[in-house]
Amino acid sequence: MKLLGIIAEYNPFHNGHFYQLQKAKQMTKADAVVVIMSGNFVQRGEPAILDKWTRTHMALCSGADIVIELPVLYATASAEYFAYGAVKLLDEIGITDICFGSELGEIKPLQQIAQLLLEEPESFRKLLKQALESGISYASARSFALAQFYPAAKDILFQSNNILAVEYLKSLLKLNSAIRPHTIARKGSAYHDITLQPMASATALRNAISQNHVKEIKEQIPPQCYAILQQNIAQGKAPIFLEHFTEAFHYCIRTHSPESIKNIFEVKEGLENRIYKAFDTNYDINSIISFIKSKRYTQTHIQRMLLHILLQIQTQDIHLFCQSPSPYVRILGFRREKQHLLSIFKNRLPLLTNVKQYQTILDKNGQALFALETKSTDIYFMASPNKIYHRLHQDFLQPMVMISPDKT
């Protein structure tokens, strides 16, 4: 059986995602599509504008067969950890193929870059060190060093989807995985483009939603997904943005000392002192981020770091789970005609479907990881526009999303 894995955020699901799903199925002739999706917080260091069950519903209505949750400590990490956590889980459950978008649209050059970055020849390391000494971010330094070392790769790692594509391929090499990689050229808007067109970026859609221009994005989202989006907004369940957590961030900083956050993932090089100064002199979260930001630390990096403080994700946590087998696979939803595939996963990893039984299903590490997930979900729903959704233990209250063949 050919099982296709896709790593996604679907924040929100749009026409470009639909195109990728359909194209990937045609390209690989897969028997089923398994999506591993970020939960309620995403890789840019922000909350998803729609909760994980809503985005699961969108994905299942649009071509996915099963949606699995990417644990929050990977979902909110840098591209390297995000990719490794997702690819490792796909490898462990027996996925045969993986497909991802890229600006380049060709797999071989991306594989060559992944191999080079994994091996890091001495001459490349010297170029990287020189670039870092100029004070720029690690990602930018790596791109500049790569362009000098391997001119054919010039500009490739300055594009968001290419960066993730290379990290997926690096992860496959690290794991010595038998998963076959495929890439599809990104169509439509660039990743950061905020203009609305038939294949607008998720950034453009979030920007429009933040300005209450929901009707203007109807043509950029598959009809069934647009209906789900409208319903969630009408119910006051969404949208959720980073600024909605401003008070929570201030509370968290005021109840922890600079010394106590030094063990938080990505807080390093004395940044804890700059963080506290930012909170002392600013209130709104965007001003705080601007205060902390520098050539070395981008806005996205700062957002991820602040989320790790809010969620209390420590450096030792991510290192532990990167070095260990995944303690479970958590199913967010599935199409009923593909339910039999769950038994394949169950034979490989503890399968978390009935989360109320997690203590009997999971070992100590699994329980710790799931506790982090439930905490992050509770924090996420604190920001729902309608207070009816502020109640605790949503992970135990929300059922899996199950779609029948004749329904959406």
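Throughout, residues of each chain are indexed from 1 in the direction in which the sequence is written. pLDDT decides what is reported in this predicted model: residues at 70 or higher carry local features, side-chain atom pairs at 80 or more are listed and counted, and totals for whole chains, interfaces and linings draw on all residues regardless. Values reported for side chains reflect all heavy atoms of the structure, with hydrogen atoms and water molecules removed beforehand.

J.: Any chance you could explain the overall build of the protein chain here in plain terms?
T.: Strands are runs of DSSP state E lasting at least 2 residues, helices are runs of H or I lasting at least 4, and numbering of each runs from the N terminus. Looking only at helices and strands, one finds 19 helices and ten strands in the protein chain. Radius of gyration here uses only the C-alpha atoms, and the compact-globule reference equals 2.2 Å multiplied by the residue count raised to the power 0.38. Taken against the 2.2 N^0.38 rule, which gives 22 Å for 408 residues, the C-alpha radius of gyration of the protein chain at 21 Å falls within 12% of a compact globule. Structurally, the protein chain occupies a C-alpha span of about 60 × 50 × 50 Å along its principal axes. Each residue gets one of three labels from its accessible area relative to the maximum for its type: buried under 20%, exposed over 50%, partly exposed in between, using a 1.4 Å probe on protein chains only. The buried share among the 408 residues of the protein chain stands at 56%. Partitioning the contacts of the protein chain with sequence separation of at least 6, the portion at a separation of at least 24 is 73%. Positive charges are assigned to Lys and Arg, negative charges to Asp and Glu, while His and the chain termini are left out of the count. Every charge is mapped to an atom, namely NZ of Lys, CZ of Arg, CG of Asp or CD of Glu. Side chains of the protein chain carry 44 positive and 36 negative charges; the gap between the two charge centres is 2 Å. In this description, contact between two residues means that some pair of their heavy atoms is separated by no more than 4.5 Å.

J.: Sorry, what's going on with the side chain of S326 here?
T.: Mapped onto the elements of the fold, S326 is located in the loop between α15 (315–323) and β8 (329–335). Classification of S326 as buried rests on a relative accessible area of 10%. For the purposes of these results, a polar contact is taken to be a pair of N or O atoms within 3.5 Å, where, inside protein, one atom must be able to donate a hydrogen and its partner to accept one; residues adjacent in sequence count only when each atom of the pair is a side-chain atom. Looking at S326, its side chain comes within polar contact range of the side chain of E92, at 2.4 Å.

J.: For this particular structure, what's the right way to read the packing of aromatic side chains?
T.: Geometrically, a pair of aromatic rings is defined through the distance of the ring centres and the angle of the planes. Note on aromatic pairs: the rings of Phe, Tyr and Trp (six-membered ring only in Trp) are paired at centre separations within 6.5 Å, and the planes decide the class, stacked below 30 degrees, edge-to-face beyond 60, tilted for the rest. In total, this model carries 13 aromatic pairs according to the counting rule given. On the basis of an interplanar angle of 70 degrees and a centroid distance of 5.3 Å, the ring pair of F144 and F158 is categorised as edge-to-face. One end of the pair, F144, is in helix α7 (residues 138–149); the other, F158, is in the loop between α7 and α8 (160–174), and 14 residues separate them in sequence. Judged by its relative accessible area of 40%, F158 is partly exposed. Both rings, one in Y380 and one in F381, keep their centres 5.3 Å apart while their planes meet at 90 degrees; by these two values the pair is edge-to-face. Taking relative accessible area as the criterion, Y380 reaches 0% and is therefore assigned buried. Members of the aromatic cluster, joined through ring pairs, are F41, W53, F245, Y380 and F381.

J.: For this particular structure, what's the right way to read the nonpolar core?
T.: The nonpolar side chains of soluble globular proteins are, as a tendency, buried together. Note on terminology: a nonpolar core comprises buried Ala, Val, Leu, Ile, Met, Phe, Trp, Tyr and Cys residues joined through side-chain atoms within 4.5 Å. In terms of nonpolar packing, the biggest core is built from 139 residues, with I68, I93 and F345 touching the most fellow members. Each residue touching I93, except ones within four places of it in the same chain, is listed here: V34, I68, V329, I344, F345, R348 and L349.

J.: Whenever I open this one, the environment of A131 confuses me. Can you help?
T.: By the secondary structure assignment, A131 is in helix α6 (residues 122–133). For A131, a relative accessible area of 11% corresponds to the buried category. Sequence separation of A131 and V42 is 89 residues, and the distance between their C-alpha atoms is 28 Å. With residues up to four places along the chain from it excluded, the contact list for A131 reads I136 and A141.

J.: Just checking my understanding: could you explain the pairing of β8 for this structure?
T.: In regular strands, side chains alternate between the two faces of the sheet. Buried residues dominate β8, accounting for seven of its seven residues. When DSSP finds two or more bridges between a pair of strands, those strands are recorded as paired. Note: strand β5 (residues 66–70) against β8, three bridges, orientation antiparallel. Each bridged residue has a counterpart across the sheet, and for I68 the counterpart in β8 is I331. As paired elements, β8 and strand β10 (residues 401–403) share three bridges and run parallel to each other. Among the inter-strand pairings, G333 is bridged to a residue of β10, identified as V401.

J.: Would you mind showing me how to read the packing of helix α2 (residues 52–61) against helix α10 (residues 223–235) here?
T.: Angle between the axes and distance between the axes: these two values describe a pair of packed helices. Note on geometry: axes are lines fitted to C-alpha atoms, helical ones only across the stretch in contact, with angles between N-to-C directions running from 0 to 180 degrees. Where α2 meets α10, the axes come as close as 9 Å, and the angle between the chain directions of the two elements is 165 degrees. Between α2 and α10, the angle is such that the two are roughly antiparallel. The hand of the α2/α10 crossing is right-handed. In contact with T54, H57, M58 and C61 of α2, α10 contributes Q224, C225, I228, L229 and N232. For classification, angles of less than 35 degrees are called roughly parallel, those exceeding 145 degrees roughly antiparallel, those between 65 and 115 degrees roughly perpendicular, and all remaining angles oblique. Should the near helix be turned anticlockwise from the far one by less than a right angle, the crossing is termed left-handed; should it be turned clockwise, right-handed.

J.: For this particular structure, what's the right way to read α2?
T.: For an α-helix, the turn length of 3.6 residues means that residues three or four places apart are oriented alike. Counting buried positions along α2 gives nine out of ten residues, so the element sits mostly inside the fold. Buried within α2 we find K52, W53, T54, R55, T56, M58, A59, L60 and C61. Sitting at the amino-terminal end of α2 is D51, which places a side-chain oxygen 2.9 Å from the backbone nitrogen of W53. At the exit of α2 stands G63, carrying a positive phi of roughly 130 degrees.

J.: Is there a simple way to explain helix α9 (residues 202–210) in this structure?
T.: Burial analysis of α9 places seven of its nine residues in the buried class, the great majority of the element. Of all the residues in α9, the buried ones are A202, T203, A204, L205, R206, A208 and I209. Looking at the buried positions of α9, the neighbouring elements they touch are β4 (46–47) and α10. Directly beyond the C-terminal end of α9, a positive phi value near 65 degrees is found at N212.

J.: So what exactly am I meant to see when it comes to unusual backbone geometry here?
T.: Cis rather than trans, the peptide bond between N11 and P12 has omega equal to 0 degrees. Summarising the element assignment, P12 is placed in the loop between β1 (3–8) and α1 (15–28). Cis geometry is found at the peptide bond from A238 to P239, where omega equals 0 degrees. Looking at where P239 falls in the secondary structure, it is placed in the loop between α10 and α11 (246–254). Here the phi dihedral of N212 falls at roughly 65 degrees; this positive angle occurs in a residue that is not glycine. Looking at where N212 falls in the secondary structure, it is placed in the loop between α9 and α10. Looking at N212, the relative accessible area reads 68%, which means it is exposed. The phi dihedral of E266 is positive, around 80 degrees, even though this residue is not glycine. Mapped onto the fold, E266 is located in the loop between α11 and α12 (271–281). By relative accessible area, which is 10% here, E266 ends up buried.

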